[in-house]
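Geometric and topological summary
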Amino acid sequence: MEFSIKSGAPQTGASGCLVVGVHEPRKLSAAAAAIDRAAKGYVSRVVRRGDMQGKAGSTLLLHDIPGITAERVLLVGLGPVAEFREKRYREAIAAAVRALNATGAQEATLHLTELAVGRRDATWRVAHAVAVAREGVYRFTRMKSKAESEPPALRRLTLNVDRAAEKGAAVGLAQGSAVAQGVSLAKDLGNLPPNVCTPTYLAAQARELARRYRMKITVLERADMERLGMHTLLSVAQGSAQPPKLIVLEHRGGPKKMKPVALVGKGITFDTGGISLKPAGEMDEMKFDMCGAASVLGTMKAVGEMKLPVNVIGVVPTTENMPGGRATRPGDIVKSLSGQTVEILNTDAEGRLILCDALTYVERYQPAAVIDIATLTGACVIALGHVASGLFSNDDALAREVTSAADTSHDRVWHMPLWDDYQEQLRSNFADFANIGGRPAGSVTAACFLARFAGKFKWAHLDIAGTAWKSGKEKGATGRPVPLLTQFLINRTRKG
């Protein structure tokens, strides 16, 4: 789908479809009122008849309105004015795109981007309109032998804003397009089956990103990791026939002296649980256990598209977690790259084992901040459901930065505790500590484990187990938290 920015009165523009809003109860937005005046009250008569109350998410398509050059006008319900905030705005855009896809219109002009959304400016409104619209037309059909249905006819979407806001809208268009491309990449990687999306495949995708955006890439193989002493990462890979990788992508868009932000994404391309085997039910969804890695690669794509003036290191430790004669056993003790020893009590707590070596590895870059992203614990799903990702951090200022980016991007997080009191649950009689701390506060003790490897830098951990994919009828990767991570980096460029 192509996007463009324009300003102008809705009643004079030639378009396949004009999209305007109606608040509840039956209150026309400014653009809808302008069309109504040109049509000598046609729209208000339709609304008064009760065909459009303005209920949030509702739509009504009108054809051949007198006095209007556009072929169609789509009315979109916005709900009460007092309740029209970020969530309702995004829902209105999504409803509009769904309705447009059901028409024969190849192009449309969206006047919802003129609406006031709290204190959000045109940059925010346009960026979110583009991201939501792209999400509305996303389909993963690569593995199907035949297309299930005809693709949507809609090809072009013009976003209308006030003339004074055109410059900010252009910035929003660039940001929204970049985020949407990053989200699509993350979704594609997550949705691919595990026999295709292997550690080797992820490395190939990273190399393509490096080639396209002129990034530096390093891929450590098993022998490289053995020489370095990454034994916790390698312990997870022991049972798999697929070779593990440690992928490092470097975007150097900022000054040489600027310390980089490091993003570390868990890349378990399939998780059986290892010897601590998972139940068979829904095990197919364990292909999504590499969504942290996918979000890092998606964010690197967005950064490359925008040519952000910031230094970013994307790190992806990736392997399968499989049972077998060589697989790590519960009770094994391994030494991490940091020199600390870990007693493995449960081989299904493997994400933290690959992340801890990666966190130690990024010390060499002397990062300004490190954020790791992982589908780490089912406990986080129980705690926060599928709305917010869990945020843990050893630095309150960094946590506030991440939370601010989450609010702006509408990619929500909730700040969870990381107190030393929880470290007691990781005690081991035989090693420095264990890889699990029992059922109580499972997401917290997982973060506490990682915190032991993050003492030399400001660090945040995002547990995305509840937000990285959807189950059921809408099964598929969400692309989160690419919007959050990209916004975090955009905000860093503004700090200068």
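Up top is the structure.
Attention shifts here to helix H1 (residues 30-38). Ala-31, Ala-32, Ala-34, Ile-35 and Asp-36 are the residues of H1 that are buried. On its buried side, H1 packs onto strand E2 (18-23), strand E3 (27-28), helix H2 (42-48) and strand E5 (72-79). After H1 finishes, the residue Lys-40 shows a positive phi value of roughly 55°.

A word on the sheet that holds strand E13 (residues 333-335). Taken in spatial order, the three strands make up an open sheet running E13-E14-E18, and their pairing is mixed. Edge positions in the open sheet fall to E13 and strand E18 (433-434), since each of these has one partner strand only.

By the secondary structure assignment, Gln-175 is in helix H5 (residues 166-191). In this structure Gln-175 touches Thr-123, Met-306, Ile-490 and Arg-494, once residues within four positions along its chain are discounted.

On to empty space enclosed by the protein, then. As enumerated under the stated definition, the model contains two cavities of 30 Å³ or more in all. Empty space within the largest cavity amounts to approximately 70 Å³. Around the largest cavity sit Ser-235, Val-236, Gly-274, Ile-275, Asn-321, Met-322, Ala-327, Thr-328, Ile-344, Thr-347, Glu-350 and Leu-353, which together line it. For the lining of the largest cavity, a count of residues per class yields six nonpolar, five polar and one charged. Forming the walls of the second largest cavity are Ala-186, Cys-291, Ala-294, Ala-468, Ala-477, Gly-479 and Arg-480.

Right, let's talk about the packing of aromatic side chains for a bit. The description of an aromatic ring pair rests on the distance of the ring centres and on the angle between the ring planes. Using the criterion set out here, one finds eight aromatic pairs in the structure. Ring geometry for Tyr-89 and Trp-124: centres 5.7 Å apart, planes at 40°, overall tilted. Separated by 35 residues along the polypeptide, Tyr-89 in helix H3 (residues 86-101) and Trp-124 in helix H4 (residues 122-137) bring together distant segments of the chain. Here Tyr-89 and Trp-124 have matching classes, each one buried. Relative to Tyr-422, the ring of Trp-419 lies with its centre 6.2 Å away and its plane at 15°, an arrangement referred to as stacked. Chaining the aromatic ring pairs together yields one cluster made of Phe-84, Tyr-89 and Trp-124. Here the guanidinium or amino end of Lys-187 rests over the ring plane of Tyr-138, the centre of that ring lying 4.6 Å away.

Attention now moves to the pattern of salt bridges. Tallied over the full model, the rule gives 22 salt bridges. For Glu-91, the salt bridge goes to Arg-88, with nearest N and O atoms at 3.9 Å. Residue Glu-91 and its partner Arg-88 are located together in helix H3, separated by three residues, close to a single helical turn. When the shortest N-O distance is used, the salt bridge between Asp-284 and Lys-475 registers 2.9 Å. With a gap of 191 residues between them, Asp-284 in the loop between strand E11 (267-271) and helix H9 (291-306) and Lys-475 in the loop between strand E20 (469-470) and strand E21 (476-477) connect regions that are remote in the sequence.

It is worth spelling out the nonpolar core at this point. One finds Leu-263, Leu-297, Ile-371, Val-402 and Leu-462 to be the most contacted residues of the largest nonpolar core, which totals 61 residues. Tallying contributions element by element places H9 first for this core, with nine residues. In contact with Leu-297, other than residues within four places in its own chain, are Leu-185, Leu-189, Leu-202, Ala-206, Leu-209, Leu-249 and Val-316. Ile-313, Ala-374, Met-416 and Ala-454 belong to the second-largest nonpolar core, a separate cluster that totals 46 residues.

Here we take up the packing of helix H10 (residues 351-361) against helix H13 (residues 442-451). Close contact between H10 and H13 brings their axes to 9 Å; oriented N to C, the two are set at 30°. With respect to their mutual orientation, H10 and H13 come out roughly parallel. When you trace H10 past H13, the crossing you get is right-handed. For the pair H10 and H13, contact is made by Arg-352, Leu-353, Leu-355, Cys-356 and Leu-359 and by Ala-446, Phe-449 and Leu-450, respectively. Here the contact of H10 with H13 is built from residues that sort into seven nonpolar, no polar and one charged.

Turning our attention to the pairing of E5. For E5, the buried fraction is high: eight of the eight residues fall into the buried class. Burial along E5 is two-sided: the face carrying Arg-72, Leu-74, Val-76 and Leu-78 and the face carrying Val-73, Leu-75, Gly-77 and Gly-79 are both buried. Pairing geometry for E2 and E5, over six bridges, is parallel. Paired with His-23 across the bridge in E5 is Gly-79.

Thresholds, definitions, all that
Residues numbered from 1 in each chain as written. Predicted model: local features only at pLDDT ≥ 70, side-chain atom pairs only at ≥ 80, totals over all residues. Heavy atoms only, no water. Buried < 20%, exposed > 50% of the residue type's maximum accessible area, 1.4 Å probe, protein only. Helix = DSSP H or I, 4+ residues; strand = E, 2+ residues; numbered from the N terminus. Contact = heavy atoms within 4.5 Å. Pairing = 2+ DSSP bridges. 1 Å grid on protein atoms, 1.4 Å probe; cavity = no way out; pocket = protein on both sides within 12 Å on 5 of 7 lines; lining within 4 Å. Points joined across faces, edges and corners; volume = space filled by probe spheres on them. Nonpolar A, V, L, I, M, F, W, Y, C, P; charged D, E, K, R; others polar. Phe/Tyr/Trp six-rings, centres within 6.5 Å; stacked < 30°, edge-to-face > 60°. Lys NZ or Arg CZ within 6 Å of the ring centre and 35° of its normal. Salt bridge = Lys/Arg side-chain N within 4 Å of Asp/Glu carboxyl O. Core = buried A, V, L, I, M, F, W, Y, C linked by side-chain atoms within 4.5 Å. Axes fitted to C-alpha atoms, helices over the stretch in contact; angles between N-to-C directions. Parallel < 35°, antiparallel > 145°, perpendicular 65-115°, else oblique. Left-handed = near helix turned anticlockwise from the far one by under 90°.

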